[in-house]
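Commentary on secondary and tertiary structure
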Amino acid sequence: MTNVATGIPGVLSIRHLPGLREVSRQDLQTLLDTAQRFREGLDRQENFPKSLAGVSVVNLFFENSTRTRLSFETAQKKLGASPMNFTTSGSSAAKGESLRDTARNIESMGADVFVVRHQSAGVPQFLAKHTKAVVINAGDGACEHPTQGLLDALTMRQHLGDLAHREVAIIGDIRHSRVARSNIWALSTLGARVRLWGPATLLPRSPLAFGPSVSIAQSIEEALEGADAVMLLRIQHERQSSGMLPSLREYRQSFGLDHSRLKLARPGALVLHPGPINRGIEVVSEVADGAQSVILEQVTNGVAVRMACLHLLAGKNP
Ligand code: CP
């Protein structure tokens, strides 16, 4: 067993990670390079520097999660932390305690780091303002999901190399997707081009705000043509009843990915999905589980990315 403490690069210019919009190219590269080192260490079952030993990390999850919550907890334990886990159910938030009071009470128990998922946009910035803890966003409303954007970029980089000038198609409910937003910001900063496609009601209202490297496709064929990577987004069934989605059958016909459509993309193009998947709706199982899918690699990279974020933002001697 070796130790990966040596060779883990860099320090960040940021104190918190509320999103990727404001993260510089240099900080993105440092996060991704560090995550790559951790990923190699995970593959080799190496020992890791216990840079979070003595650091009090609290996972505040006000929304459900499988991948993000468990991979943060795994990352924290691998770096020597003993995390505390808060979920709304069973807490005094269920009795109406405010977010500010909840956070300040937990901070009074000695919390150094908050990893927060919340249904409202802006909660990570709110916590950064009202507490002294380092804050890492694990998904806020429809705003950002920065560690997802990083793990997606890491997965693409592992297969495609430098992402500059690469073409990435993102298909589905873009308007309400924090995953799409964080990917758009990270990919643009790294020099990739992003094409968006989905039902008209679920496309962004102001796509120009994303900058010149992001475009809206006119058809699924245009979105897929020659793409290096195709990212499907989860269809949120709650949008169907609100009239924002066609029927699931129509959605599958116009926006679903199957083998024949995937052939429009570059040969060997990557298929990504943040999960959870609605099989047979946004992607057929044969593609989700097929040779071009990197969906489970995304999940493994999620542990490495969250180790990198925690190590660089809150670790001792990062
Ligand atoms: N990708 C993602 O955020 O999944 P969870 O909701 O399961 O954490």
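Since this is a predicted model, take the numbers as computed values, not measurements.

Let's talk about the site of the ligand
All residues adjacent to the ligand are Ser65, Thr66, Arg67, Thr68, Arg117, His145, Gln148, Pro274 and Gly275. The side chain of arginine 117 places a nitrogen or oxygen atom 2.9 Å from an oxygen atom of the ligand. Relative to its unbound accessible area of 260 Å², the ligand is 91% covered by the protein chains. When atom positions are compared with the pocket grids, the ligand is found to occupy the largest pocket.

Re the sheet that holds strand S7 (residues 214-216)
Spatial ordering of the open sheet is given by S7-S6-S5-S8-S9, a layout of 5 strands whose pairing is parallel. On the outer flanks of this sheet lie S7 and strand S9 (270-272), each paired with one strand and no other. Along the sheet, successive strands turn relative to each other by an average axial angle of 20°, direction set aside. The pairing of strand S8 (residues 229-232) with S9 spans 3 bridges and is parallel.

Some thoughts on the pairing of strand S2 (residues 84-87)
The pairing of strand S1 (residues 57-61) with S2 spans 4 bridges and is parallel. Directly across from leucine 60, in S2, lies its bridge partner phenylalanine 86. Where the polypeptide runs from S1 across helix H2 (residues 67-78) and back to S2, its parallel neighbour, the crossover connection is right-handed.

Section: the environment of alanine 142
By secondary structure assignment, the location of alanine 142 is in the loop between strand S4 (134-140) and helix H5 (146-160). Taking the C-alpha atoms as reference, alanine 142 lies 8.2 Å from arginine 181; in sequence the two are 39 residues apart. Discounting residues that sit within four places of it in the chain, alanine 142 has contacts with Arg175, His176, Ser177, Arg178 and Arg181.

What about the confidence of the model for the chain?
Mean pLDDT over the chain stands at 94; residues scoring 70 or higher make up 96%. Per-element averaging of pLDDT across the chain places helix H8 (residues 238-241) at the bottom with 68 and H5 at the top with 99. With pLDDT under 50 throughout, residues 1-6 is counted as low confidence; its partners more than four residues away or in other chains account for 17 contacts.

Concerning the packing of aromatic side chains
Overall, the coordinates contain 5 aromatic pairs when judged by the stated rule. When the ring of tryptophan 185 is compared with that of phenylalanine 210, the centres are 5.3 Å apart and the planes differ by 65°; the resulting orientation is edge-to-face. Here tryptophan 185, found in helix H6 (residues 178-189), pairs with phenylalanine 210, found in the loop between strand S6 (193-197) and S7; they are 25 residues apart in sequence, far enough to count as distant. Take tryptophan 185: its relative accessible area is 11%, and that puts it in the buried class. Summarising the aromatic geometry, the rings of tyrosine 251 and phenylalanine 255 are spaced 5.0 Å apart at their centres and angled 40° between planes, so their arrangement reads as tilted. With tyrosine 251 and phenylalanine 255 both in helix H9 (residues 248-255) and 4 residues apart, this pair spans about one turn of that helix. Accessibility assignment for this pair places tyrosine 251 and phenylalanine 255 in one class, buried. Counting every residue linked through ring pairs, the aromatic cluster contains Trp197, Tyr251 and Phe255.

Some details on helix H3 (residues 99-108)
Within an α-helix, residues lying three or four positions from one another point in the same direction, as the helix has 3.6 residues per turn. When H3 is considered as a whole, its buried residues turn out to be Leu99, Thr102, Ala103, Ile106 and Glu107. With its buried residues spanning 130° around the axis, H3 presents them on a single face. Looking at the buried side of H3, the elements it contacts are S1, S2, strand S3 (113-118) and helix H4 (123-130). Directly beyond the C-terminal end of H3, a positive phi value near 105° is found at glycine 110.

Remarks on the sheet that holds S4
Read across the sheet, 4 strands follow the order S2-S1-S3-S4 without closing on themselves; strand pairing throughout is parallel. The sheet is open, and its two edges are formed by S2 and S4, each paired on a single side. Going from strand to strand, the sheet's axes swing by 15° on average, the running direction of each strand aside. Sheet analysis places S1 next to S3, joined by 5 bridges and oriented parallel. If you follow asparagine 59 over to S3, its bridge partner there is valine 115. Sheet strands touched by H4: S1, S3 and S4. Its angle to S4, the strand with the most contacts, is close to 160°.

Description of the side chain of glutamine 76
As for its position among the elements, glutamine 76 is in helix H2. The buried category is assigned to glutamine 76, whose relative accessible area is 0%. Of note is the side chain of glutamine 76, whose polar atom sits 2.8 Å from the side chain of asparagine 59.

Looking at the pattern of salt bridges
Scanning the model with the defined rule gives 11 salt bridges in all. Measuring nitrogen to oxygen at the nearest pair gives 3.0 Å for the salt bridge that ties arginine 157 to aspartate 33. In this pair, arginine 157 is assigned in helix H5 and aspartate 33 in helix H1 (residues 25-43), connecting sequence segments 124 residues apart. Relative accessible area serves as the criterion here: at 31%, aspartate 33 is assigned to the partly exposed category. Linking arginine 195 and glutamate 167 is a salt bridge whose minimum nitrogen-to-oxygen distance equals 3.1 Å. Of this pair, arginine 195 sits in strand S6 while glutamate 167 sits in strand S5 (residues 167-171); the two residues are 28 residues apart in sequence, bridging distant segments of the chain. Neither residue differs from the other here; arginine 195 and glutamate 167 are each classed as buried. In the salt-bridge network here, residues are joined through shared partners; they are Arg166, Asp228 and Arg266.

Parameters at a glance
Residues numbered from 1 in each chain as written. Predicted model: local features only at pLDDT ≥ 70, side-chain atom pairs only at ≥ 80, totals over all residues. Heavy atoms only, no water. Near = heavy atom within 4 Å. Polar contact = N/O pair within 3.5 Å; in protein donor to acceptor, adjacent residues only side chain to side chain. Areas by Shrake-Rupley, 256 points an atom, 1.4 Å probe, with all protein chains shown as cover. 1 Å grid on protein atoms, 1.4 Å probe; cavity = no way out; pocket = protein on both sides within 12 Å on 5 of 7 lines; lining within 4 Å. Sits in = over half its atoms within 2 Å of the grid points. Pairing = 2+ DSSP bridges. Helix = DSSP H or I, 4+ residues; strand = E, 2+ residues; numbered from the N terminus. Axes fitted to C-alpha atoms, helices over the stretch in contact; angles between N-to-C directions. Right-handed = clockwise from strand over helix to strand, strands pointing away. Contact = heavy atoms within 4.5 Å. pLDDT = per-residue confidence, 0-100. Phe/Tyr/Trp six-rings, centres within 6.5 Å; stacked < 30°, edge-to-face > 60°. Buried < 20%, exposed > 50% of the residue type's maximum accessible area, 1.4 Å probe, protein only. Arc of directions from axis to C-beta. Salt bridge = Lys/Arg side-chain N within 4 Å of Asp/Glu carboxyl O.

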